[in-house]
Amino acid sequence: MAIEAFAPAKINLTLHVTGQRDDGYHRLDSLVMLTDVGDRLTVEKANKTSLNVVGPMAAGVPTDRSNLVIRAAEMLGVSAKITLHKSLPAMAGIGGGSSDGAATVRALCALYDLAVPSAEMLSSLGADVPVCMEPELVRMRGIGDEIDHLDTPPDWSMILANPRVSVSTPQVFAAMGERGNPLMSEQFPNWTAFESTVAWLSAQRNDMQEAAVELQPVIGLVLAELTQTEGCAMARMSGSGATCFAIYKTASERDAALEVLRRQHPDWWCVPTRRVGARFA
């Protein structure tokens, strides 16, 4: 028997860096949603765990225990033949590796009839793994281990754009200046109201964006190009980059903007997306 699971891309709609602990981990305050774009994997019972990576973004993806997919199986104490169809770019600020690990946990728990581990146990795989288990709109704080469920994510028409450059998260943190920044505003909007929600988001930040643009100036170009597309309500970098997102009020505006971007930048990874469904395992 084979079990399939979807590993959705994660978007940090906001990402406030609010401090740094004595152990070096940074404290964050982030609004996070999962999207309908992502990787897919299949697991089957086996005497020994193996990982085969296929798909358009498979090149360079490790198949040893440096991959969270392998470590997820080790954490659960089971073995499986795992096939990962990689569609998301690596080191892109959209949680691809963490989401792959989370999807592996969901699939292996279904395959072996296991209880889903606690958020604390999932955090041992990686700080972003717990949030990649959540289809809801969530507020993620601490080092990623404090998760507050807010609501069903807004069903926006969105674009994800990556100029196919990799950004090292530790390098971005190292390039940052102030790390003790304010938390998000807790006067949350009505998430179903487009204009007020976009206005609220626009008043928040991604505190890693400026440093990432300094390291990879092309990210600034991506943001500028997205912002200039007709109908773009806002654009921002996700995570530590280099992927950026743009929000549109209608699918027709989004699709027209996507056509322009793909024509002008055929070498970029540009995809349409929206929120992930309530059931994505």
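Values in this document were obtained by computation on a predicted structure and should not be read as measured data.

## Re the state of the cysteines
Consideration 1: Applying the stated criterion across every chain yields a total of 0 disulfides.
Consideration 2: No disulfide involves Cys109; its sulfur sits 15 Å from that of Cys132, the nearest cysteine.
Consideration 3: Not part of a disulfide, Cys270 finds its nearest cysteine sulfur in Cys244, a span of 10 Å.

## Comments concerning the pairing of strand β6 (residues 146-151)
Consideration 1: Examined bridge by bridge, strand β5 (residues 137-142) and β6 share 5 bridges and lie antiparallel to one another. By the bridge assignment for β6, Arg139 is matched with Asp148.
Consideration 2: Where β5 folds back on β6, the antiparallel hairpin that results is connected by 3 residues, among which Gly144 adopts a positive phi of roughly 110°.

## Some remarks on the packing of aromatic side chains
Consideration 1: What the rule picks out here adds up to 3 aromatic pairs.
Consideration 2: Between Phe188 and Trp191, the aromatic rings sit 5.8 Å apart at their centres with planes inclined by 40°, giving tilted as the arrangement.
Consideration 3: Overall, the relative accessible area of 7% leaves Trp191 in the buried class.
Consideration 4: Taking 5.6 Å as the distance between ring centres and 85° as the angle between the ring planes, the aromatic pair formed by Trp191 and Trp200 counts as edge-to-face.
Consideration 5: On the basis of relative accessibility, which here comes to 9%, the residue Trp200 falls in the buried class.

## Some words on the packing of helix α1 (residues 68-76) against helix α2 (residues 96-112)
Consideration 1: At their nearest, the axes of α1 and α2 sit 8 Å apart, and the two run at 35° to each other. Between α1 and α2 the crossing geometry is right-handed. Contacts between α1 and α2 involve Leu68, Val69, Ala72, Ala73, Met75 and Leu76 on the former and, on the latter, Gly97, Ser98, Asp100, Gly101, Thr104, Val105, Leu108 and Cys109.
Consideration 2: Broken down by class, the residue content of the contact of α1 with α2 amounts to 9 nonpolar, 4 polar and 1 charged.

## Remarks on the sheet that holds strand β8 (residues 232-237)
Consideration 1: If you trace the 4 strands from one edge of the open sheet to the other, you get β8-β9-β7-β10, paired in antiparallel fashion. If you trace the sheet from one side to the other, it starts and ends with β8 and β10 (269-273), each paired once. When strand polarity is set aside, the average angle formed by the axes of neighbouring strands in this sheet is 20°.
Consideration 2: Strand direction decides the pairing type here: β8 and strand β9 (residues 244-248), joined by 5 bridges, are antiparallel. The partner of Cys232 across the bridge, within β9, is Tyr248.
Consideration 3: Running at roughly 30° to β8, helix α5 (residues 194-202) makes contact with β8 and β9 of the sheet.

The rules behind each value
Residues numbered from 1 in each chain as written. Predicted model: local features only at pLDDT ≥ 70, side-chain atom pairs only at ≥ 80, totals over all residues. Heavy atoms only, no water. Disulfide = S-S within 2.5 Å. Pairing = 2+ DSSP bridges. Helix = DSSP H or I, 4+ residues; strand = E, 2+ residues; numbered from the N terminus. Phe/Tyr/Trp six-rings, centres within 6.5 Å; stacked < 30°, edge-to-face > 60°. Buried < 20%, exposed > 50% of the residue type's maximum accessible area, 1.4 Å probe, protein only. Axes fitted to C-alpha atoms, helices over the stretch in contact; angles between N-to-C directions. Left-handed = near helix turned anticlockwise from the far one by under 90°. Contact = heavy atoms within 4.5 Å. Nonpolar A, V, L, I, M, F, W, Y, C, P; charged D, E, K, R; others polar.

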